[in-house]
Every structure is written in structure tokens, then in C-alpha cells.
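Close look at the chain arrangement
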Amino acid sequence: MMITDKKGFFDKKIWDSKIHTEDTTAKEKIFGYLIGPVGALLLNTILGGYINLYYTDVLKLTAIGGGAFLAIFPLVSKILDAATNVLMGYIIDHTRTRQGKARPYLLLAAVLLPVSGILMYAIPAANQTVQLIWIVLSYNFFYAIAVTIYNMSHNMMIPLSTRNSGQRATLSTFASIANIVFAGTLAAVLVPMLVLPAIGVNRQGWITMACVVSVFVLPLSLLEYYYTKERITEEQNDIQEEKKEISYSRQFTACLKDPYMMMVLGIWLIYQLVTILRNTSLLYYCNYILGSYNDGITPTLLQVLGGVPMGLGMFIIVPLTKKFQKRTLFLIGNTMLIAGNLICLLSPANMAVVIAGQIIKNIGTIPSSYIFMAMFADCLDNFEWKHHFRCDGFAMSVYSIILTISTGICTSVFNLILAKTGYVAPELVDGVTVAASQSQMTKNGILWSYYGVEVFGTAIIIALSYFLKVEKGLKEKQEELKSRGQESV
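Conventions adopted
Residues numbered from 1 in each chain as written. Predicted model: local features only at pLDDT ≥ 70, side-chain atom pairs only at ≥ 80, totals over all residues. Heavy atoms only, no water. Core = buried A, V, L, I, M, F, W, Y, C linked by side-chain atoms within 4.5 Å. Buried < 20%, exposed > 50% of the residue type's maximum accessible area, 1.4 Å probe, protein only. Helix = DSSP H or I, 4+ residues; strand = E, 2+ residues; numbered from the N terminus. Contact = heavy atoms within 4.5 Å. Bend = angle between axes of the 7 residues up to and from the residue. Salt bridge = Lys/Arg side-chain N within 4 Å of Asp/Glu carboxyl O.

Here we come to the nonpolar core. Formed by 115 residues in total, the largest nonpolar core has its most connected members in Tyr54, Tyr55, Tyr121, Trp206, Met261, Tyr285 and Phe376. If one sorts the elements of this core by residue count, helix α11 (residues 259-290) sits on top with 19 residues. If sequence neighbours within four positions are ignored, tyrosine 54 has contacts with Leu59, Met120, Tyr121, Ile123, Arg203, Trp206 and Ile207.

Next comes the structure, spelled out in C-alpha cells:
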């Protein structure tokens, strides 16, 4: 079933993109990919990144069912989330409007994200059954609906923006700067440094934080909508009117037979598993091993000093991609990532050693963080050249499902580790948050989650990246794709 704009809602000029050029523009890069996404990404990073701490330390859900609730509920929820990713991919693939097939859904997400985010934290002071029902419903409203709609439409903008690999690499870099340097830095530095010490385990303080962050989503998302353009969708519109609809089963079979598509999705899967597990355990590592609970200093030092290379990386990654293949940068970077982790493991409670290791780690993370989406887009073009049809919606569904399932698995595994190793949540005593001392077993579980898994996972990524030679002959394939399109019109 094709979803078309039959009433002409998106035919009105008020919804037209502000970008009208064949090549990407400075305004497109700055407003559409750098500033515009920050509101939604910041909300997702803060509300999603700290929700587990809210559950374990503020609501003390680790005590429910011996830790079973926090181990099972996120994983089951992510199964629903995965299903909505498939549905959203199908919807986008079968959407035809004057404004594109993905961009219109950025507007819907701009409304749903702040509403669902606030509801996820605004859990009523009722009996436990009511609270658990609220938690399940609000969590799935946020992740399975609002975040899914935004992530699917937002992540498809780079592959649909242009066929020019160099311009895509630049857009990928700007989008990554928005996510890592702006949203990531604010969430990882300002929140633990200023917000968490102030609110402690005060529930109303956490709700206020969710409300404040939500204010910025709508106005910034409008910038992202108006300053992006789906050039490839426009190129394909006339052709697809004459072509038969490609079923999901055919796209799935073709993806399974495409080695580059399977490699890039495999890399994404491993990357997400190790990254999410590391990020989930970050504050616990800072609170109980490297520093003290909510000291406002340890997470900040770890993120700022270790993250300086990531900030510098945004200036060097584009020139590097013009000189070297993305695959080469990927291999070098991930090798450095392993080295940095091993240095940190030499003395995980020593700040000087850890900062040194983090700096090396973050230098190594630059290629993965800034150019992965460009590599993914290259694989989509290679797929189209090989199979004579595109699979943007389907591939992005799988891409998002990997992120979704990885989040559920990592959250469940980490919460199970906390529960089984005897994690003790802090208490609010006379208005002051008092943290408990954790056992060595709990600390070992946190260390394994923060450092150990990443070492093994990155080794697998290096092995897969070695064979990902999609850039070879890609320019010629892209020229052929343009010729096919011109001949079909």
C-alpha cells in the first residue's frame, strides 16, 4: 500500500525545503545537519541516557522481583520497538509526498518526542502496580513510537541527500558533530557536573530536568526539516512511478546475499552493543570506582579531557576522508580504541592513567563516530547498482532495529549484573543523597561492562572492516546509476 499526500497537504509552499540546489550548501550543513538535530538528539541523549539511573537510584526498581523487572522489561520493550522500526521503515518506503518520503516525519517526531519524554519521567506517586504500568507504557511511547519515528527519518536524510560520496561524508561529519560534540557533550558533561549533584535522588528534580530539555525540541527540529533535501528521492520519483513495488521479502533476500551490506550491518551491531553497554555503565564506574557518588567532577574530567580529541576530530576528519579511504581510517581508529581500553585497564581507579587511555580511545573513535553513516550510504549505492533497486527503508529498519535491540540487551544485561552482584542503591536521608559502598564483585561487573566488552567487540569490528572494500570502483558505479535514471525518465 502506497501512502500518498492525496489531499495535497505537503503541496503548500509553507512546507517547502529552503534548499533548492543540486549540490549541498553551507546552510544545509549548518542548519539541517548541525544545529537542527541538536534538540531531538539532546533530549534522546539525556532522557534516554539517564533513565536507567533514574530507575535504579531514584525509583529503586532493582529491588522488584530480585532485579527481574529491570532485566526483563527493557528487553521485552525493545522487541516491540523492533517491530515498530520495521513498520516505520515500510511506511517511509511507501510514502510519496512533494517534500520527500522521510522529511515529513521529522515534524511528527518534533511533537511526540517532548511529550513522551516528559511522561517517561513524570511517574505518579501511586501504588507500585500503577507505577509499573505507567513505566512500561511511557517507556514504550518514548522509544517504540517517538524515538523510532525520529531516528528513522533523521538517519535516512544522509543516504537520501545526494549521491556525491564526498558531500555525504561532510554531511555525516556535521550530523555526528551535532550528536557527539553538542548533544553528547552537554549530556555527558553538564548533567553530571551541575544537574545530578543538585537533584540527587529527588524525583521532582528529575521531572523538572525532563521538562526543561523538552522545550528545545520543536524549534530546532523545524530547522532540520526546512534545511534538508531528499535529492535521491526526487531523482527516483518519476522512475518509481513506472516500476513495480519491491517487496520486503525480496529486499531481505537481496540484503542477505550482499556481502557489503551484511558487513556494514554487522559492524553496526557490534559497535552498538559495546557502546551502549559502556555508556550505561559510565556513571556507575565514575561513582563507585574512579570517583565518588555524584561528585560532579569525575564524569566531567573523564568526558571533557578524554573527549577533546573528538572535538578536534571534526576539523580533521573531512580532509582525511579526501586523502584516505574511509575503511583505512576505520581500521586505524579501532586499533587505537583497543589500545586505549587496555591502558585504562592497567589501573582503572587511577585518574591520570584513565585520562591517558581515554584520550587514545577517543582519537580512535573519530572515524567510527563521524563517517560510519557515509560508509553505510556507500553500501546502499553499491546495493542499488548491483540489484537495480534501492532498499533505504528496509535497510534503515534493520539499522534502527540493531540500535533498538542492542539497547534492550545491554540495559537488561547490565541491570542483571547489578542485581546479581548485590548493587546497593543510594538513599535520601534528611534531603541529602547518601550512597552505599559497593562490593568488589559489583565493581568487577561494572569494569567488565565499561572496558572489557569493548576490547573484544572492537577486535571483531576490525576483522569485518578489513573486508569492507565497498569504496573500490564506487564513483563509476554512481555515475552508472545516474545514467540509468536519465535513461528511464
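We are not done yet, so read on.
What follows covers helix α4 (residues 104-121). Considering bend angle alone, the principal kink of α4 is centred on leucine 112 and spans about 25 degrees; proline proline 114 follows within four residues of it. The element α4 is extensively covered by neighbouring structure, given that 13 of its 18 residues are classed as buried.

Below, the discussion takes up the side chain of glutamate 224. With respect to the helices, strands and loops of the structure, glutamate 224 is situated in helix α8 (residues 217-226). Residue contacts for glutamate 224: discarding those within four places in its chain leaves Phe31, Gly32, Gly36, Pro37, Leu106, Tyr150 and His154.

What follows is about the pattern of salt bridges. Counting across every chain of the model gives 17 salt bridges. Taking the shortest distance from any N to any O, the salt bridge between arginine 168 and aspartate 378 comes out at 3.0 Å. Residue arginine 168 is found in helix α6 (residues 165-199), and its partner aspartate 378 is found in helix α14 (residues 351-387); the two are separated by 210 residues along the sequence. Its relative accessible area of 1% is what places aspartate 378 among the buried residues. For glutamate 234, the salt bridge is made with lysine 229, and the minimal N-O distance between the two is 3.1 Å.

Another point: the environment of glycine 431. If you trace the backbone, glycine 431 turns up in the loop between β3 (427-429) and β4 (432-434). With a relative accessible area of 64%, glycine 431 lands in the exposed category. Here the alpha-carbon distance between glycine 431 and leucine 106, two residues 325 residues apart in the chain, equals 41 Å.

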